[in-house]
Amino acid sequence: MQVTDWSDYQAFLAIARAGQLARAAQVMGVDATTMGRRLRRLEARLGATLFEQTREGQVLTEAGEALLARVEAMAQAAAGIGEGAGASGGLSGTLRISVSEGFGTWFLPPLLPDFARAHPVLTIDLVASSGFLSPSKREADIAVTLSRPKAGPVIARKLSDYALRLYASRPYLADAGMPARAAELAQGHRLVGYIPDLLYAPELRYLDELHPGLAATLRSSSINAQHRLVAAGAGMGVLPCFIGDADPALVPVLPERRILRSFWIVTHKDTHNLARVRAGKAWLAEVVQHGRERLLPSA
């Protein structure tokens, strides 16, 4: 393997981990055409077909499986090069952190600049979206997920519990009235929530915990869109307290009815001890500890 061709091997590794060429291209920040070109160039150089195309995506051939073991070892070695210090004596390289959309847009951004200033030559990717990148597939260095992974070459521990409540705007409550009991939510109230068949985690099913049989009639796959709908007076919606309590336009509804969930911090077994990953985990633990009241406000 030639050092000058490392980008082609990186493309191969990304496709093998993602299982889909388009998704691998997204992870690497290039277009699918570029990824395809790199793969074809590598296959031509090696004289072997590395993937079979299936309906689900790319599946490794026998030659691809053999190559994967060697490239994984190269990638792990490359990750350790310069792991200690950059030109300024701090961490270098790229740290990619995958988090839920709400946590990544409402809780972490105001706290991230201090971490970035402490490591000026470290590139930090904060991936905040509806869904998570996978540390087991090396799509992210750290993922903050809503449940503990049941399998895979990963290390997971609980980061923190957090609370959610039902919220509404004052104009909505002035029009529809403040319910005194959860059963009243099923009568004369509009509910905002997730689209059931687009849920990326079962932990996002909230409404049945307030009252059996409740269903949202204004739905979005985005928690930020749900917040905007609730703030605009479109209906009531369950929001993490670190979102709902941060918006002075919103009022907790049935505030004694809290829904509890957990954040888990997940890393790959092979990379969890890299200095940049250790630093990222320590930073997350610190900001969560200091922001405990935002995550779990007093009942």
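For the structure, check the block above.
Remember, predicted model here, so these are calculated numbers, not experimental data.

Some remarks on the nonpolar core
Grouped together as the largest cluster of nonpolar side chains are 59 residues, with contacts concentrated most on F103, M236, F263 and L284. Those residues in contact with L284, other than ones at most four positions away along the chain, are I97, L108, I142, V144, L159 and I265. Of all hydrophobic cores here, the second largest spans 20 residues; its members include A11, F12, A14 and A24.

Section: the pairing of strand β3 (residues 93-100)
Most of β3 sits out of view: six of its eight residues are buried. As paired elements, β3 and strand β4 (residues 122-129) share eight bridges and run parallel to each other. Residue pairing across strands places S98 opposite V127, the latter belonging to β4. The sheet contact formed by β3 and strand β5 (residues 142-145) spans two bridges and is parallel. The partner of S98 across the bridge, within β5, is A143.

Re the packing of aromatic side chains
What the rule picks out here adds up to nine aromatic pairs. Geometrically, the ring pair formed by F103 and F242 is edge-to-face, given 6.2 Å between the ring centres and 70° between the ring planes. Separated by 139 residues along the polypeptide, F103 in helix α5 (residues 101-107) and F242 in helix α10 (residues 241-244) bring together distant segments of the chain. One exposure class covers both F103 and F242, and it is buried. With centroids separated by 6.3 Å and ring planes inclined at 55°, the aromatic side chains of Y194 and Y206 adopt a geometry described as tilted. Note that Y194 is positioned in the loop between β7 (191-193) and α8 (207-210) and Y206 in the loop between β7 and α8, a separation of 12 residues in sequence. Classification of Y194 as buried rests on a relative accessible area of 12%. Aromatic ring contacts, followed pair by pair, group F103, F107, Y162, F242 and F263 into a single cluster.

Regarding the packing of helix α2 (residues 21-28) against helix α3 (residues 32-46)
Where α2 meets α3, the closest approach of the two axes is 8 Å, and the angle between their N-to-C directions is 105°. It follows that α2 is roughly perpendicular to α3 by the angle criterion. Across from L21, A24, A25 and M28 in α2, the residues of α3 making contact are A32, M35, G36 and R38.

Digging into the environment of P113
Examined against the element boundaries, P113 turns out to sit in helix α6 (residues 112-118). Assessed through its relative accessible area of 34%, P113 is described here as partly exposed. Sequence-wise, P113 and G233 are 120 residues apart; in three dimensions their C-alpha atoms are separated by 33 Å.

Let's talk about the environment of G233
Within the element layout of this structure, G233 appears in the loop between α9 (223-231) and β9 (236-240). Overall, G233 belongs to the buried group, its relative accessible area being 19%. In the structure, G233 is positioned 65 residues away from A168 in sequence and 7.0 Å away in space, judged by C-alpha atoms. In contact with G233, other than residues within four places in its own chain, are S169, Y172 and R190.

Digging into the pattern of salt bridges
For the structure on display, the rule yields eight salt bridges. Taking the shortest distance from any N to any O, the salt bridge between E184 and R181 comes out at 3.7 Å. Each member of the salt-bridge network shares a partner with another, and the members are D8, R41 and R45.

Here is what the cut-offs are and how they apply
- Residues numbered from 1 in each chain as written.
- Predicted model: local features only at pLDDT ≥ 70, side-chain atom pairs only at ≥ 80, totals over all residues.
- Heavy atoms only, no water.
- Core = buried A, V, L, I, M, F, W, Y, C linked by side-chain atoms within 4.5 Å.
- Buried < 20%, exposed > 50% of the residue type's maximum accessible area, 1.4 Å probe, protein only.
- Contact = heavy atoms within 4.5 Å.
- Helix = DSSP H or I, 4+ residues; strand = E, 2+ residues; numbered from the N terminus.
- Pairing = 2+ DSSP bridges.
- Phe/Tyr/Trp six-rings, centres within 6.5 Å; stacked < 30°, edge-to-face > 60°.
- Axes fitted to C-alpha atoms, helices over the stretch in contact; angles between N-to-C directions.
- Parallel < 35°, antiparallel > 145°, perpendicular 65-115°, else oblique.
- Salt bridge = Lys/Arg side-chain N within 4 Å of Asp/Glu carboxyl O.

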